[in-house]
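Summary of the model geometry
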Amino acid sequence: MSLAFAALAVLVAVLIGALGYHAAAALIRDDEKADFTTALQSVGNQVTRQTLYPGDFNGPTGLSEQLLRPIRVTAQALDANGAVLPGSSHVVLPGAPDDGDLARATAPARTVIGVRHVGDATYRVGVVSLGGGRGAVQVVQETGDVEDLLYALRGQMAAVVAAVALLAGAAGWLLARRITGRLVRLTDVAELVADSGRLDVPVPAAGSDEVGRLGRAFDRMLGRLATAKENQRRLVQDAGHELRTPLTSLRTNLSVLPSLDRLPPAERTALLDDLAEEAKELTLLVDELVALAAEQKADEDPVDVVLADVVREAAAQARRRTGREIAVDADATVVTARPDALARAVGNLLDNAAKFDPAGAAPIDVVVSGPRVEVRDRGPGIDPADLERVFDRFYRATAARSLPGSGLGLAIVHEVATSHGGTAFAVNRDGGGAVIGFTLGG
């Protein structure tokens, strides 16, 4: 970035300097050439209006001082042979064939312009004939002063470009250090996370620019990863705790199997029934764990679905599974959701209602109103102390401990609702029973 700043600044400075130099040089050279042209015109006008001799231009009171001094050029007189008159020479210029021709010319104000060199000096020279073969006048302008001035100007511009490059490089270095300093710190954090696996590392997220946005996004990503890791840890711990009970019971019953033939028929039947029931409970628990893990992964793509269609299909499956009457009252709300996840949540709600309302005196009611789904039963209801915890994983109320189940069904409902931007709810129903359901977010 420092090099880029310096290069860009040098490019701009060179372009501006070059354009400025060429403009200034053109103005100065044009001004000098205009002075020279004006001097030639003054001399030509003078020799045309009156008869003049070479001597008229010599001396401190000569015409050269009167005509040319204000214009910053000099003049020297030539005799009829083209030689410089004594006392009028300011600089010894090499002769030219045109000098003699103009000095001998009969017509006045004939002019020839050229450039002559003396050593390292360059002169612009204009020779004007006096007419009648009387001689000529050389108008001389040294161009070295102008070129020296332009040379000095070029040097100053080069110094300015160098200073601009240094300042731009320093400014780029400071800016790059300020920007990349945060990037370096963010990179260090990322490498620390990658090497150690820690997710509780503070992330530099100051500023409102892209680096600040990147830091905040990285911080949010670490937060979500930490939450997912914590959820995974809790799920493993809870699953291990819940699996321990049926596995212990299975091991106990299996240890009795070698003596099965010696048991009375009634105890033998009870033992086999216990084994079958425990295997069923263990299978149900594993299935629920797999379903919960699949819901947390949530790799199903959301699509637009009619919520009533999903609910009616889940109700039909629940009817076949439980034999209960289920009444569905639904509108035509369309939601963007994952259909399989919604069906799993509604099925768990219906299974829960059928489990706690085994008598089946009244149908299970399902009401869909907008993005809200309610399942209403006429069971014993929910103890107020349990209302806040019914959606916790593996939580089973005291009244439900004797009933089959893993304590994961409503936890899956909660996972489905939150993954869709909604919430799960549970309240007691007027007249007995419970209302359990969920809402979907926009």
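All of the points below concern the structure found in this document. (Residues numbered from 1 in each chain as written. Predicted model: local features only at pLDDT ≥ 70, side-chain atom pairs only at ≥ 80, totals over all residues. Heavy atoms only, no water.)

Let us look at the overall build of the protein. Secondary structure summary: the protein contains 9 helices and 11 strands in total. Expressed as a percentage of its 442 residues, the buried residues of the protein come to 38%. A fraction of 63% describes how many contacts in the protein between residues 6 or more apart in sequence connect residues 24 or more apart. (Helix = DSSP H or I, 4+ residues; strand = E, 2+ residues; numbered from the N terminus. Buried < 20%, exposed > 50% of the residue type's maximum accessible area, 1.4 Å probe, protein only. Contact = heavy atoms within 4.5 Å.)

This structure, assessed with the given rule, holds 0 aromatic pairs. Above the plane of the ring of F36 lies R124, whose end atom (NZ or CZ) is 5.8 Å from the centre. Note that R372 overlies the ring of F425, its terminal NZ or CZ placed 4.0 Å from the centroid. (Phe/Tyr/Trp six-rings, centres within 6.5 Å; stacked < 30°, edge-to-face > 60°. Lys NZ or Arg CZ within 6 Å of the ring centre and 35° of its normal.)

Counting residues in each nonpolar core, the largest one holds 37 residues, and the members touching the most others are L307, L342, L350, V373, F391, I436 and F438. Of all the secondary structure elements, the ones that give two or more residues to this core are helix 7 (307–322), strand 7 (334–337), helix 8 (339–356), strand 8 (364–369), strand 9 (372–376), helix 9 (409–419), strand 10 (424–428) and strand 11 (434–439). For this core, the element with the most residues is helix 8, which contributes 8 residues. With residues near it in sequence (within four places) discarded, I436 still touches L349, N352, V373, E374, V375, I382, F391, L410, F425 and A426. One finds V73, A77, L130 and V137 within the second-largest nonpolar core, a separate group that totals 15 residues. (Core = buried A, V, L, I, M, F, W, Y, C linked by side-chain atoms within 4.5 Å.)

This next bit is on the sheet that holds strand 10. Within a sheet, adjacent strands bond to each other through the backbone by hydrogen bonds, running parallel or antiparallel. Strand order in this open sheet of 5 strands is 6-8-9-11-10, and the pairing throughout is mixed. Strand pairing shows two members of the sheet lacking a second neighbour, strand 6 (326–330) and strand 10, which therefore form its edges. Strand-to-strand twist of the sheet, defined as the mean angle between neighbouring strand axes without regard to direction, takes the value 15°. In this sheet, strand 8 lies alongside strand 6 in parallel orientation, the contact comprising 5 bridges. Among the inter-strand pairings, V328 is bridged to a residue of strand 8, identified as V366. Set on the sheet, helix 7 makes contact with strand 6, strand 8 and strand 9; between it and strand 6 the angle comes to about 180°. Running at roughly 175° to strand 11, helix 8 makes contact with strand 6, strand 8, strand 9 and strand 11 of the sheet. (Pairing = 2+ DSSP bridges. Axes fitted to C-alpha atoms, helices over the stretch in contact; angles between N-to-C directions.)

This part takes up the sheet that holds strand 2 (residues 111–118). With antiparallel pairing, 4 strands are arranged side by side in an open sheet as 1-4-3-2. The open sheet is flanked by strand 1 (74–78) and strand 2, the only strands paired with a single partner. The mean inter-strand angle of the sheet, taken between neighbouring strand axes irrespective of direction, is 25°. Here strand 3 (residues 121–129) runs beside strand 4 (residues 136–142); their pairing, made up of 7 bridges, is antiparallel. By the bridge assignment for strand 4, G126 is matched with V139. Helix 1 (residues 2–49) contacts strand 2, strand 3 and strand 4 of the sheet and is inclined by roughly 25° relative to strand 3.

Within this structure, the stated rule accounts for 5 salt bridges. D99 is the partner of R116 in a salt bridge, and the nearest nitrogen-oxygen pair spans 2.9 Å. Within this pair, whereas R116 is found in strand 2, its partner D99 is found in helix 3 (residues 97–103), the two being separated by 17 residues in sequence. What makes D99 buried here is its relative accessible area of 4%. For D101, the salt bridge identified is with R104, shortest N-O distance 3.4 Å. Residue classification places R104 among the partly exposed residues on the basis of a relative accessible area of 46%. Residues joined in a network through salt bridges with shared partners are R372, E374 and R376. (Salt bridge = Lys/Arg side-chain N within 4 Å of Asp/Glu carboxyl O.)

For the rest of this paragraph, the subject is helix 7. Spacing of three or four residues puts side chains on the same side of an α-helix, whose turn is 3.6 residues. With 16 residues, helix 7 extends 22 Å between its outermost C-alpha atoms, agreeing within 8% with the 22 Å of an ideal straight helix rising 1.5 Å per residue. All of the buried residues along helix 7 are L307, A308, V310, V311, A314, A315 and A318. For helix 7, the angular spread of the buried residues around the axis is 155°, confining them to a single face. What points out from helix 7, more than 90 degrees from its buried face, is the exposed set E313 and R320. Considering only its buried residues, helix 7 is in contact with strand 5 (303–306), strand 6, strand 7, helix 8, strand 8 and strand 9. Trailing helix 7 by a residue or two, G323 shows a phi angle of about 75°, which is positive. (Expected span 1.5 Å × (residues − 1). Arc of directions from axis to C-beta.)

Bringing the environment of V413 into the picture now. Relative to the elements of secondary structure, V413 occurs in helix 9. Once the C-alpha coordinates of V413 and A424 are considered, the two residues, 11 residues apart in sequence, prove to be 6.9 Å apart. Not counting residues up to four positions away in its chain, the partners in contact with V413 are A345, N348, L349, F391 and F438.

Once that is clear, we can look at helix 9. Among the 11 residues of helix 9, 8 are classified as buried, and the element is accordingly described as predominantly covered. Every buried residue of helix 9 is listed here: G409, L410, A411, I412, V413, E415, V416 and A417. Note on helix 9: the residue one or two positions beyond its end, G421, has a positive phi of about 80°.

The next point concerns the packing of helix 8 against helix 9. Running from N to C, helix 8 and helix 9 cross one another at 145°; their axes reach a closest spacing of 9 Å. Relative to helix 9, helix 8 is oriented so that their crossing is left-handed. Of the residues in helix 9, those touching helix 8 at A341, L342, R344, A345, N348, L349 and N352 are G409, L410, I412, V413 and V416. Of the residues contributing to the contact of helix 8 with helix 9, the split by class is 8 nonpolar, 3 polar and 1 charged. (Left-handed = near helix turned anticlockwise from the far one by under 90°. Nonpolar A, V, L, I, M, F, W, Y, C, P; charged D, E, K, R; others polar.)

Here we come to the environment of L342. Locating L342 in the fold gives a position in helix 8. Between the C-alpha atoms of L342 and L307, which are 35 residues apart in sequence, the distance is 8.6 Å. Not counting the four nearest positions on each side in its chain, L342 is found in contact with V305, L307, V310, V335, A337, V416, H420, F438 and L440.

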